[in-house]
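Examination of the molecular architecture
Spelled out, the chains give:
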Amino acid sequence: MKVLVVCSYRNYVINGVAPFISEQVDAIINNGVECDYFLVTGKGVWGYLHNYRKLKEKIYDYKPDIIHAHFGLCGLLANLQRKIPVITTYHGSDINKIGVYLFSIWSMLLSRWNIIVSHRQERRVICKKKYSLIPCGINMELFRPLDRMECRKRMRFDTNIQYVLFSKMFTDPVKNYPLAKASIDRLNMHSQKSGKKTTLLEFTGYSREDAVILLNAVDAVILTSHSEGSPQFIKEAMACCTPIVSVDVGDVKKTIGNTRGCYIVESDADKIANALAKAVSFGTTKGRERIIQLGYSNDLIAQRVIEIYNKVLNNNE
């Protein structure tokens, strides 16, 4: 079986492919499926459409059995040709943002099968008989618990500071940095007597290996997003057994479950600060056990995706 993966080019990673996509593809390859990429460049609908001729050339040269598109606009682009069956995965922004969702609707209608990553997306799936709910998995061998003190030394952390990791870059409006900062400010205000300062770190510019060290070095992670699909940030923190404070978005509540040291709170700075005070002093969680229980390893997720490939191909014969 040959699969052509169609996804957007990301200039912030070495190979141009978002890690949650490339790591899933690697796991699919490890399960015996041949895969190659077509990377979409440009912005907006017209930017995507300008890739159509090159995509047709790639299809002609590679001769895939299936196209697996990631995100709605890539799914719509892939479906402009009708010879090769298309499976499209929707990761969140293509469902949550109404302007993009309108194009995702066409992708859902045209795709042979659709994959969503969170139960919150189900209400917006218009093709109820041709979709599956499959979150992106994580690399459990890479994201694992490490010695916190050693990781803090490698990150050159100050021993007198508590570090909280924000889910992405501060400038991403969807991630709601102002709420996270306000929460940290309140936490620092309440802890003036103890003299323990908490610093908020931006999660950007790290290699995958350094990201593991960082997740093990911080005292807690925080997610304050306006919307999410199935955030890898939370699953990776769980796999590293790092305490979590998050608002109730995407599938975070399901992922965390009843894991002690991980807190779901309202989008309120005072309540988030109170939860952070507990999280930064908690220590190591049992989040990894929860991730294993949910079956969120890349290998198991890849097997579920391959089952869909086979289903589509069998129905295509």
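This is a predicted model, so every value here is computed, not measured.

1. Focus on the pairing of strand S5 (residues 113-116)
- Residues Trp113 and Ile115 of S5 are buried on one face, and the alternating residues Asn114 and Ile116, pointing to the opposite face, are buried as well.
- One ladder, built from 4 bridges, connects strand S4 (residues 86-90) with S5; its direction is parallel. When the sheet's bridge partners are listed, Thr89 is paired in S5 with Ile115.

2. Notes on the pattern of salt bridges
- If you walk through the whole model with that rule in mind, you get 12 salt bridges.
- A salt bridge links Arg152 to Asp219; the nearest nitrogen and oxygen atoms lie 3.2 Å apart. With a gap of 67 residues between them, Arg152 in helix H7 (residues 148-154) and Asp219 in the loop between helix H9 (208-217) and strand S9 (220-223) connect regions that are remote in the sequence.
- The exposure class assigned to Arg152 is buried, which follows from its relative accessible area of 9%.
- Of the residues examined, Asp219 reaches a relative accessible area of 10% and is grouped as buried.
- Residue Asp172 is joined to Lys168 by a salt bridge in which the shortest nitrogen-to-oxygen separation is 3.3 Å.
- The network of salt bridges with common partners includes Glu23, Arg208 and Glu236.

3. Some details on the packing of helix H10 (residues 232-239) against helix H13 (residues 287-294)
- Contact geometry for H10 and H13: axes closest at 6 Å, N-to-C directions at 120°. Residues Lys235, Met238 and Ala239 of H10 pack against Gly287, Arg288, Arg290 and Ile291 of H13.
- Looking at the contact of H10 with H13 residue by residue, the class counts come to 3 nonpolar, 1 polar and 3 charged.

4. So, the packing of helix H8 (residues 177-190) against helix H12 (residues 269-279)
- Direction vectors running N to C along H8 and H12 enclose 60°, while the axes themselves pass 8 Å from each other. As the angle between them shows, H8 and H12 are arranged oblique. Considering only the axes of H8 and H12, their crossing is right-handed. Taking contact as the criterion, the partners of Leu179, Ala182, Ser183, Ile184, Arg186, Leu187 and His190 in H8 are, on H12, Ala269, Asp270, Ile272, Ala273, Leu276 and Ala277.
- When its residues are assigned to classes, the contact of H8 with H12 shows 9 nonpolar, 2 polar and 2 charged.

5. Topic: the side chain of Lys175
- Locating Lys175 in the fold gives a position in the loop between strand S7 (161-166) and H8.
- Using a relative accessible area of 13% as the deciding quantity, one classes Lys175 as buried.
- Among the polar contacts listed, one links the side chain of Lys175 to the side chain of Glu228, at a separation of 2.6 Å.
- If near-sequence neighbours (up to four positions away) are discounted, Lys175 is found in contact with Phe166, Ser167, Lys168, Thr224, Ser225 and Glu228.

6. Description of the packing of aromatic side chains
- Applying the stated criterion across every chain, the model contains 7 aromatic pairs.
- On the basis of an interplanar angle of 50° and a centroid distance of 5.6 Å, the ring pair of Phe203 and Phe233 is categorised as tilted. Of this pair, Phe203 sits in the loop between strand S8 (197-201) and H9 while Phe233 sits in helix H10, placing them 30 residues apart in sequence. Both residues of the pair, Phe203 and Phe233, count as buried.
- One aromatic cluster is present, formed by Phe166, Phe170 and Tyr177 through successive ring pairs.
- The positively charged end of Lys2 is found above the aromatic ring belonging to Tyr62, 4.4 Å away from the centroid.

Thresholds applied
- Residues numbered from 1 in each chain as written.
- Predicted model: local features only at pLDDT ≥ 70, side-chain atom pairs only at ≥ 80, totals over all residues.
- Heavy atoms only, no water.
- Buried < 20%, exposed > 50% of the residue type's maximum accessible area, 1.4 Å probe, protein only.
- Helix = DSSP H or I, 4+ residues; strand = E, 2+ residues; numbered from the N terminus.
- Pairing = 2+ DSSP bridges.
- Salt bridge = Lys/Arg side-chain N within 4 Å of Asp/Glu carboxyl O.
- Axes fitted to C-alpha atoms, helices over the stretch in contact; angles between N-to-C directions.
- Contact = heavy atoms within 4.5 Å.
- Nonpolar A, V, L, I, M, F, W, Y, C, P; charged D, E, K, R; others polar.
- Parallel < 35°, antiparallel > 145°, perpendicular 65-115°, else oblique.
- Left-handed = near helix turned anticlockwise from the far one by under 90°.
- Polar contact = N/O pair within 3.5 Å; in protein donor to acceptor, adjacent residues only side chain to side chain.
- Phe/Tyr/Trp six-rings, centres within 6.5 Å; stacked < 30°, edge-to-face > 60°.
- Lys NZ or Arg CZ within 6 Å of the ring centre and 35° of its normal.

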